[in-house]
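Here's the letter readout for the chains.
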Amino acid sequence: MKLCDKVALVTGGGTGIGRAIAVLFAQEGAQVVVAGRTEATGIATVNDIRRAGGTALFVRADVSHAADVERLVETTVNQFGRLDILVNNAGIGGTGTLLAETTEEEWDAVLDVNLKGHFLCCKYAIPHLRAAGNGVIINTSSVLGCLTLPGTSAYSASKAGILALTKVLALEVARDGIRVNCLVPGSVDTPMMWEGLTDEERRAVEPLVADAEPVGRIGRPEEIARAALFLACEDSSFMTGAPLIVDGGLLAKIATVR
Ligand code: NAD
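Here's a quick rundown of the structure. Everything numeric in this text was worked out from a predicted model, so none of it was measured.

### Comments concerning empty space enclosed by the protein
In total, this model carries one cavity of 30 Å³ or more according to the counting rule given. Here the largest cavity is characterised by a volume of approximately 30 Å³. In terms of lining, the largest cavity is formed by Thr11, Val63, Asn88, Ala90, Val113, Gly117, His118 and Cys121. Broken down by element, the lining of the largest cavity gets its largest block of residues, four residues, from helix H4 (residues 104–132). Residues of the lining of the largest cavity, tallied by class, amount to four nonpolar, four polar and no charged.

### Some words on the pattern of salt bridges
In total, this model carries eleven salt bridges according to the counting rule given. Asp235 is paired through a salt bridge with Lys2; the nearest N and O atoms lie 2.8 Å apart. Here the residue Asp235 occupies a position in the loop between helix H7 (221–232) and strand S7 (243–246), and Lys2 occupies one in the segment before strand S1 (7–11), the gap between them amounting to 233 residues. Owing to a relative accessible area of 47%, Asp235 belongs among the partly exposed residues under this scheme. Between Arg202 and Asp189 there is a salt bridge, with its nearest N and O atoms 3.5 Å apart. Placement of Arg202 in helix H6 (residues 199–212) and of Asp189 in the loop between strand S6 (179–185) and H6 is noted, with a sequence separation of 13 residues between them.

Conventions and cut-offs
- Residues numbered from 1 in each chain as written.
- Predicted model: local features only at pLDDT ≥ 70, side-chain atom pairs only at ≥ 80, totals over all residues.
- Heavy atoms only, no water.
- 1 Å grid on protein atoms, 1.4 Å probe; cavity = no way out; pocket = protein on both sides within 12 Å on 5 of 7 lines; lining within 4 Å.
- Points joined across faces, edges and corners; volume = space filled by probe spheres on them.
- Helix = DSSP H or I, 4+ residues; strand = E, 2+ residues; numbered from the N terminus.
- Nonpolar A, V, L, I, M, F, W, Y, C, P; charged D, E, K, R; others polar.
- Salt bridge = Lys/Arg side-chain N within 4 Å of Asp/Glu carboxyl O.
- Buried < 20%, exposed > 50% of the residue type's maximum accessible area, 1.4 Å probe, protein only.

Rendered as structure tokens:
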């Protein structure tokens with residue numbers, strides 16, 4: 001097991017990629033705190049981990065609120081005595097609108113969760129990661145932080161911001177023994193992927209999304225979780241400030257048509 005005796009905090013751990021990371025980290029011996037806004041899904045993840053013999057706790061928290069994040073980190077340390085791994089995974093999709101039609105509220109909502117949420121979680125976790133020694137932060141960007149599409153301004157800006165935040169923070173905490181890296185997923189089969197689509201719309205869109213991927217299929221949350229495990233454990237001990245692209249080849253293409 002690669003994460004024995006480690007304490008990991010996974011934001012947005014109730015669904016999708018975060019859920020897969022929480023489950024895999026627990027299988028690898030970590031004690032896992034699943035954080036999120038939605039109690040039902042977070043508790044379901046925790047119950048699955050416990051049924052499989054692992055240790056997990058759900059803490060309700062909105063990552064865009066400083067008071068929530070401070071309480072989340074304190075609860076983690078009070079419960080498990082330390083914090084070794086922070087996985088900043090919580091995020092929301094974009095507005096789907098052109099920039100000129102995007103409202104200030106829509107813009108703020110995306111940036112608050114996706115970018116400020118990363119900032120707040122890092123800020124409150126760092127003292128504990130420093131104290132633990134060999135701390136790890138895993139951020140979550142997206143292929144849309146590297147290449148963009150019309151209608152993705154807020155989401156793409158938030159995800160590009162995460163790539164920059166990852167590099168800056170990696171430099172700031174390198175001598176504290178904390179490594180900071182960033183996942184860059186392509187299309188992954190999670191609730192976010194199909195948000196706002198009817199079943200019929202999803203059936204129409206899914207083959208197009210799969211075909212846009214050079215590998216010809218959409219990624220599975222578990223495939224991103226395995227990349228997160230690599231970043232969390234000693235296998236990546238000389239890696240910091242770096243993006244880890246897990247995208248089925250999407251960023252290797254110069255266009256979305258074959
Ligand atoms: P998801 O919707 O299943 O997961 C997002 C999770 O974050 C949910 O559990 C949600 O409740 C939680 N969350 C949202 N706002 C929150 C808040 N304010 N505070 C706490 N928790 C909050 O989608 P996912 O695809 O698993 O997304 C996980 C991460 O991966 C996101 O950062 C997303 O941007 C990124 N990502 C996803 C894809 C994809 O294709 N699915 C691609 C690239 C990047």
